[in-house]
Amino acid sequence: MNAEPKSKTPVECRFLLNAGAPARVFQEALRADSIAAQLSLAFRVYYRLRSLIPSPVRRLLQRCRAVRQAPDWYLPREFHLALCEAIAKAGDEGVPTIYPWPDGQRFAFVPTHDVETAEGWKNIEHIAKIEEEFGIRSSWNIVPYKYPVDMGLIRDLQSRGFEVGVHGYNHDGKLFTSRAIFDRRLPAMNAALAKFCVSGFRAPMVHRNLEWLQSLEIDHDGSYFDVDPYQAMPGGVGGVWPFIAGRFVELPYTLPQDHTLFVALHERDGRIWHEKLNYVAALGGLALVVTHPDYLDNELRVDAYRRLLGRVREFDHVWCTLPQDVAVWWRERDQLALNRESDEKWCISGPAAHRASASTLCAVPDRRFATSQNFAAPVHSGPALPRLEWIDLPFLRVTPKTSVAKTLV
Ligand SMILES: [Zn+2]
């Protein structure tokens, strides 16, 4: 029953910035998450008894647990300040790197859903159609051994450009309570990945252990988050970008879950989504949202989701895409090298150089983030965070195929 103690992250990880003090900020945040990501005794007991507790009582318990947080609890404040400090120390030039996104996009928006119950399953089509109206496709994470899974709908979603992933085993909250339980369920989870012909995974309740997750036959995982104080398993990696985590690409969610906003906190609109979207967009990050067709079950919530999609579409140069496509790009980005050619020019080399651009991430301490800039009357505010800014660098691209440098900027 007891989980094995974790004090380190033996899985090799590579982050957005992969050298010096900024890299250590990412490493330290992940290390802290791996220590924090434990279930309390109360939660262990809760998950043991969960199947016996009627769902109205479960919802009441969840609401009682919604302890008061800072007004801007959805911003990774501590990580942000640490990263600003590390980047400021690097000097006025900031930290040059390959820009996080390809093909001239400024940030990425990735909608994902976890389908918790048979009721949620029935609501998939309704939400999928709304996304199609916006020209957006999402990923649907299916619990393989809890409710009847209609392979016809899975194939239909895939044929329409949606992605499907596996959402744990049977969603009973026990998957990460011991290595023995995880290992016992592993072949069945891998079989579900093969049956659905998919390569993405998210653990139920975002319980997680980076080392155990390595045994899954996956290409990308979404069981981490930048910040979310409302999860049973605390933690948070702080950064709003993907990272390479051993054999897969980790895609942390960065917009709060619908369950947190609408069920735990009784929010009536998606303003927090919009505020966080502005924050992630300004950082050139991954705006990955987790919703559930189970909770997008009334017009108020559906309307909030619709307005989020509409807001995303108002941005210029936003890459609305799927987890699998982000993972492909992130591996390509990982293969690229950025070198200084001269004082005025940088060189990007590698197979996907034609998609990449060079940029430097600078700390601008005298300027502040204004996450509420698109709202006349922001409802949530905290002390403004110092600004981090991407500045484009002049660069050449060299791909191995042609070995010809092409001046682009
Ligand atoms: Zn779930």
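In this text the structure is predicted, and so the values were computed from the model without any measurement.

Attention shifts here to the overall build of the protein. Across its full length, the protein carries 13 helices and 17 strands. Put simply, the protein has 409 residues, and 44% of those count as buried. Taking the contacts inside the protein whose residues are at least 6 apart along the sequence as the reference set, 76% of them involve residues at least 24 apart.

A few words now on helix α4 (residues 77-90). With 14 residues, α4 extends 20 Å between its outermost C-alpha atoms, agreeing within 8% with the 20 Å of an ideal straight helix rising 1.5 Å per residue. Taken together, the buried positions of α4 are F79, H80, L83, C84 and I87. Projection of α4 onto a plane perpendicular to its axis shows the buried side chains occupying an angular sector of 135°, all on one side. At the C-terminal side of α4, G91 shows a positive phi close to 110°.

Judged by which residues are buried, strand β13 (residues 345-349) turns out to be one-sided: W346 and I348 face inward and are buried, whereas K345, C347 and S349, on the alternate face, are not. Summarising the sheet, strand β12 (residues 337-342) and β13 pair through 5 bridges and their orientation is antiparallel. Residue pairing in the sheet places S342 in a bridge with K345 of β13. If you look at the hairpin formed by β12 and β13, you'll find 2 residues sitting between the two strands. As paired elements, β13 and strand β16 (residues 395-398) share 4 bridges and run parallel to each other.

The backbone of D103 sits at a positive phi, close to 55°, despite the residue not being glycine. With respect to the helices, strands and loops of the structure, D103 is situated in the loop between β2 (95-98) and β3 (107-115). On the basis of neighbour count, D103 is assigned to the exposed category, with 11 C-beta atoms found within 10 Å. One non-glycine residue with positive phi stands out, namely C197, at about 60°. For C197, a count of 10 C-beta atoms within 10 Å translates into the label exposed.

Take the nonpolar core next. With 104 residues, the main nonpolar core has A108, L286 and A287 as its most contacted residues. Shared between two domains, this core holds at least three residues of each, these being domain 1 (13-67 + 98-329) and domain 2 (333-407). Not counting residues within four places of it along the chain, the set of residues in contact with L286 comprises A108, V110, V240, W241, P242, L251, T254 and V326.

Following both chains from N to C, one finds helix α1 (residues 20-36) and α4 inclined at 165°, their axes separated by 8 Å at the closest point. For the element pair α1 / α4, the angle class is roughly antiparallel. The handedness of the crossing between α1 and α4 comes out as right-handed. Between α1 and α4, the contacting residues are G20, A21, P22, V25 and A29 on the first element and F79, A82, L83, A86, I87, K89 and A90 on the second. Class assignment of the residues belonging to the contact of α1 with α4 gives a composition of 10 nonpolar, 1 polar and 1 charged.

Quick look at the environment of R106 now. Mapped onto the elements of the fold, R106 is located in the loop between β2 and β3. Judged by local crowding, R106 falls into the partly exposed class, with 17 C-beta atoms found within 10 Å. What R106 contacts, discounting residues up to four positions off in sequence, is W101, G284, H317 and V318.

Reading across the sheet, the 3 strands line up as β2-β14-β15 and stay open at both edges, with antiparallel pairing between neighbours. Lying at the two open borders of the sheet, with one neighbouring strand each, are β2 and β15 (386-392). Neighbouring strand axes in the sheet, compared pairwise and without regard to direction, differ in orientation by 35° on average.

Let's shift gears to the confidence of the model for the protein. Looking at the protein, pLDDT values average 90 and 88% of them are 70 or higher. Within the model, the stretch residues 1-7 combines pLDDT values under 50 with 12 contacts to residues more than four positions away or in other chains. For residues 373-380, every residue scores under 50 in pLDDT, and the model assigns this stretch 11 contacts once sequence neighbours within four places are set aside.

Attention now moves to helix α6 (residues 124-133). What α6 keeps buried is the set I124, I127, A128 and E131. All buried residues of α6 fall inside an arc of 100° around its axis, so they share one side. Away from its buried face, by an angle of more than 90 degrees, α6 presents the exposed residues H126, K129 and E133. Buried residues in α6 make contact with β3, α5 (118-122), β4 (139-142), α7 (151-159) and α12 (299-314). Of the residues trailing α6, G135 is marked for its positive phi of about 70°.

A word on the environment of H113. For H113, the position within the fold is in strand β3. For the pair H113 and V290, spaced 177 residues apart in sequence, the C-alpha separation works out to 5.4 Å. Not counting the four nearest positions on each side in its chain, H113 is found in contact with I127, S138, W140, N141, T291, H292 and P293.

Thresholds applied
Residues numbered from 1 in each chain as written. Predicted model: local features only at pLDDT ≥ 70, side-chain atom pairs only at ≥ 80, totals over all residues. Helix = DSSP H or I, 4+ residues; strand = E, 2+ residues; numbered from the N terminus. Buried ≥ 20, exposed ≤ 12 C-beta atoms within 10 Å, placed from the backbone. Contact = placed C-beta atoms within 7 Å. Expected span 1.5 Å × (residues − 1). Arc of directions from axis to C-beta. Pairing = 2+ DSSP bridges. Core = buried A, V, L, I, M, F, W, Y, C linked by C-beta atoms within 7 Å. Domains from an automatic or database assignment. Axes fitted to C-alpha atoms, helices over the stretch in contact; angles between N-to-C directions. Parallel < 35°, antiparallel > 145°, perpendicular 65-115°, else oblique. Left-handed = near helix turned anticlockwise from the far one by under 90°. Nonpolar A, V, L, I, M, F, W, Y, C, P; charged D, E, K, R; others polar. pLDDT = per-residue confidence, 0-100.

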